[in-house]
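# Geometric and topological summary
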Amino acid sequence: MNNKNNIILEVKNLSKLFGKNKVPAFEMIKNGSDKREVAKKLGVTVAVNDVSFQVERGKIFVLIGLSGSGKSTVVRCLNLLQKPTSGDILFEGKSILSFDKKELLEYRRYKVSMVFQSFGLMSHRNVLENVAYGLEVRGTKKAERGNRAREIIKLVGLEGWEDKSISQLSGGMRQRVGIARALANDPEILLMDEPFSALDPLVRSDMQFELLSLQKKLNKTVVFITHDINEAFKLGDMVAIMKDGKIIQMDTPENMAANPANEYVENFINSVDKGQIYSVKHIMQTPSCMIRIKDGANNALKQMRDNSVSSAYVVGENLELIGILTIDDAMRVRTGEISIQDAIIRDILTTNEDTLVSDLLSVAASAKYPIAVVDEDNCLKGIVSKAAVLSSLV
Amino acid sequence: MPDWLIAFPSSIKLNISDPIDRFIDYLITEWDAFFNSITNGLRVFLNSIGYVIEMIPWWLLIAIVFVLTWRMSKKIGKAILYSLLIFSIGAMGLWELMNTTLSIIIASVIISIIIGFPTGVLVSSSDRLDSIVRPILDTMQTMPSFVYLIPAAMLLGLGNVPAVLATTIYAVPPLIRLTSHGIRQVDREVIEAATAFGSTKWQSLIKVKIPQAMPTIMTGVNQTIMMAISMVVTGSMIGVTGLGQEVLISINRLQAGRGFTAGIAIVIMAIVIDRLTQGIIKKGEAFIDE
């Protein structure tokens, strides 16, 4: 399996230092000093420290680490957005550090493209023009790049949005544009720098699934950066954990889960259970229908119809939660059968933003209405539906 | 107690006025031909702008203001108000003077953009250049605007032509500053994206940085225009014609009514031009706003 031809990208002893006294700092690390000592003594930041790995063609290689572990710097070295301080990076056996200006442009235009955490989209261009950007700087004719961009936009499921401006798009859609832009160049390698971190958890799992199916279809090599171990294990053929600029373990997800190299890795892996790490604020939604008690039954009915829901949350003057009003009861209030005060169901489940999703599981399963999320003043902040609780655990 | 502790010691003398005088004298004698050609060039430029503006019939100008305001704000009331305001300048008998003032403003702003925009782009590219240019811009902007009139008049003579030069010097700093600022504050990831997809430096400047910075650059243009308008009155001291001269004459003759009439006309011009350029900026921001 691991024969030489299959390796598309090889990183050898890569280091990246930021600051002025790089040479003495380098000596210090070689002699075994750690990152903090170097920073304190010389004011040099050691972002990446002697990192080596190989990426196989057609596989997803995941670099995972907390912020400041150097993972983003590594990925920026792979297309020379950052120049390595030492070490080498071989693309198909050729050192990218030896590239002259023209070769580097060619490498970036044809071989490698990148997806960014906060999307890096150009807001003065519409969706189509963003996706076509790589082709445009490459010199592809307008008609041709338009066709190619449309094709890719369709592939990522944004058909019909070609002429929309970026500001009209949701976060998930923006990152689809980012991915489409990267794919439009038909690169060999896709560098993805925490592409889904800025998205909310439900959209994130959608996007992960879609990345996997895209990758299957197009068979691209992916270098994926994340701080989320679930994401890493879900996507990665090979996962490398980084800490303080160094790789501390590199293996397949199965092996890593079975044999964590040390306690740090073990702790990382133990956070896999999503329900444990997601709290209510990550999955709550804005209530689609909210009425004020002084609005009256007619208004409540209209609002429920407009939002096509059969019940609504009733709040008081200061947004404090009073209860739920169903559409049937609202009708009865209108005909005068009962008063609005009596019609409101006051006995409902509430929770707060910081409750862990896993703690909510048992109550959510039997809840008749979505659970209301309130703050300490009993103000309605959002709602959590049964579906949201369950799907966050998938 | 010795005197020098109370009054500033008269024995300490710093004389920068003589060297400046000598420098200006030197420019006048040695660079005469150069400044003559600048004067002639500016005169041709100013006259052709004036000529074009003269050719626009009064009703067409009002119609242009109406259509632009309407398209910018989508409010018919505003469009009518601004058109009426411009109409009232004519009704006050100041139409011709407004045309003169307008052409001086337009000429100064065009020259400011030609100088300021590329300078701003250049300054944005280098921190060292920025630290050199910044104090110069501060000086240019805080120096009382009258001061520019003296060398301008000495080198280029009296009238509207030196005023264009003095106005440019006074009005160009905000444009340089905001062009540079706008380009520097473009989102880092957006610039990285441009580079990562294989843009040359030029491509990422033209296709990404400048368009992303456009709302800020337009704010700079707007400020430049406003400063140019404010210079109109000051310029009248070296014989600039137009609305500013009206104000100066009224001061000399103590005619409050006449002074206010011209003043109001200047205010109207400033408001209408400001709102129109602000409208353009807002349109641009709607795009950039994430």
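Residues numbered from 1 in each chain as written. Chains lettered and ligands numbered in written order. Predicted model: local features only at pLDDT ≥ 70, side-chain atom pairs only at ≥ 80, totals over all residues.

### Some words on the environment of Ala 364 of chain A
- Tracing the sequence through the fold places Ala 364 of chain A in helix H18 (residues 357–366).
- Sequence spacing of Ala 364 of chain A and Val 384 of chain A is 20 residues, and the spatial spacing of their C-alpha atoms is 8.7 Å. (Helix = DSSP H or I, 4+ residues; strand = E, 2+ residues; numbered from the N terminus.)

### Topic: the interface of chain B and chain A
- Facing the 18 residues of chain B at the interface are 20 residues of chain A.
- Taken together, the residues of the side of chain B that touches chain A break down into 8 nonpolar, 6 polar and 4 charged. (Contact = placed C-beta atoms within 7 Å. Nonpolar A, V, L, I, M, F, W, Y, C, P; charged D, E, K, R; others polar.)

### Comments concerning the sheet that holds strand S1 (residues 7–18) of chain A
All names here are of chain A.
- Here we have 4 strands laid out as an open sheet, ordered S2-S1-S4-S5, and antiparallel in their pairing. Whereas interior strands pair on both sides, the edge strands pair on one side only; in this sheet they are strand S2 (45–56) and strand S5 (94–95).
- Of the strand pairs in this sheet, S1 and strand S4 (residues 86–91) are connected by 5 bridges, and their pairing is antiparallel. Within the sheet, the bridge partner assigned to Leu 9 lies in S4 and is Phe 91.
- Along the sheet, helix H3 (residues 71–78) contacts S1, S2 and S4; its crossing angle with S1, the most-contacted strand, is approximately 120°. (Pairing = 2+ DSSP bridges. Axes fitted to C-alpha atoms, helices over the stretch in contact; angles between N-to-C directions.)

### Description of H3 of chain A
Residue and element names in this part refer to chain A.
- Extensive coverage of H3 is indicated by the burial of 8 of its 8 residues.
- Residues of H3 that are buried: Lys 71, Ser 72, Thr 73, Val 74, Val 75, Arg 76, Cys 77 and Leu 78.
- Looking one or two residues beyond H3, the residue adopting positive phi is Leu 80, at roughly 60°. (Buried ≥ 20, exposed ≤ 12 C-beta atoms within 10 Å, placed from the backbone.)

### Considerations on the environment of Arg 275 of chain B
Residue and element names in this part refer to chain B.
- Inspection of the secondary structure puts Arg 275 in helix H12 (residues 256–288).
- Residue classification places Arg 275 among the partly exposed positions, given that 17 C-beta atoms sit within 10 Å.
- Sequence separation between Arg 275 and Gly 50 is 225 residues, and the spatial gap between their C-alpha atoms is 23 Å.

### Details of the environment of Ala 193 of chain B
- Relative to the helices and strands, Ala 193 of chain B resides in helix H9 (residues 188–196).
- Sequence-wise, Ala 193 of chain B and Ser 204 of chain B are 11 residues apart; in three dimensions their C-alpha atoms are separated by 9.4 Å.
- With residues near it in sequence (within four places) discarded, Ala 193 of chain B still touches Met 114, Phe 116 and Gly 120 of chain A.

### Re the nonpolar core
- The biggest cluster of nonpolar side chains holds 139 residues, and the ones touching the most others in it are Val 131, Ala 180 and Val 223 of chain A.
- No other element matches helix H8 (residues 160–184) of chain B, which puts 13 residues into this core.
- Discounting chain neighbours no more than four positions away, the residues touching Val 131 of chain A are Ala 149, Ile 152, Ile 153, Val 177, Ala 180, Arg 181 and Ala 184 of chain A.
- Counting 28 residues, the second-largest nonpolar core is a separate cluster that includes Val 280, Leu 360, Ile 371 and Val 389 of chain A. (Core = buried A, V, L, I, M, F, W, Y, C linked by C-beta atoms within 7 Å.)

### Quick notes on the packing of helix H3 (residues 58–73) of chain B against helix H4 (residues 76–91) of chain B
Residue and element names in this part refer to chain B.
- Two elements in contact, H3 and H4, have axes separated by 8 Å at closest approach and are oriented at 155°. With respect to H4, the axis of H3 lies roughly antiparallel. Relative to H4, H3 is oriented so that their crossing is right-handed. In this structure, H3 uses Trp 58, Leu 61, Ile 62, Val 65, Phe 66, Thr 69, Trp 70 and Ser 73 to contact H4, whose residues at the interface are Ile 76, Lys 78, Ala 79, Tyr 82, Ser 83, Ile 86, Phe 87 and Gly 90.
- Its residues assigned to classes, the contact of H3 with H4 shows 11 nonpolar, 4 polar and 1 charged. (Parallel < 35°, antiparallel > 145°, perpendicular 65-115°, else oblique. Left-handed = near helix turned anticlockwise from the far one by under 90°.)

### Section: the domain arrangement of chain A
- If you check the domain split of chain A, you get domain 1 (4–272) and domain 2 (280–391).
- Here domain 1 of chain A and domain 2 of chain A have C-alpha centroids that lie 42 Å from each other. (Domains from an automatic or database assignment.)

### Comments concerning the sheet that holds strand S12 (residues 311–315) of chain A
All names here are of chain A.
- Pairing is mixed in the open sheet, where 3 strands are placed in the order S11-S12-S13. In this open sheet, the two strands that pair with only one neighbour each are strand S11 (290–292) and strand S13 (321–326). Within this sheet the neighbouring strands show an average axis-to-axis angle of 35°, counted without direction.
- As paired elements, S11 and S12 share 3 bridges and run parallel to each other. Each bridged residue has a counterpart across the sheet, and for Met 290 the counterpart in S12 is Tyr 313.
- Against the sheet, helix H16 (residues 327–335) touches S12 and S13, its axis set at about 85° to S13.

### So, H3 of chain B
Residues and elements named next belong to chain B.
- For H3, spanning 16 residues, the distance from its first C-alpha to its last is 23 Å, which sits close to the expected 22 Å at 1.5 Å a residue.
- All of the buried residues in H3 are Leu 61, Val 65 and Thr 69. Burial along H3 is one-sided: seen end-on, the buried residues are contained in an arc of 65°. Opposite its buried face, H3 presents the exposed residues Trp 59, Leu 60, Val 67 and Arg 71, each directed more than 90 degrees away. (Expected span 1.5 Å × (residues − 1). Arc of directions from axis to C-beta.)

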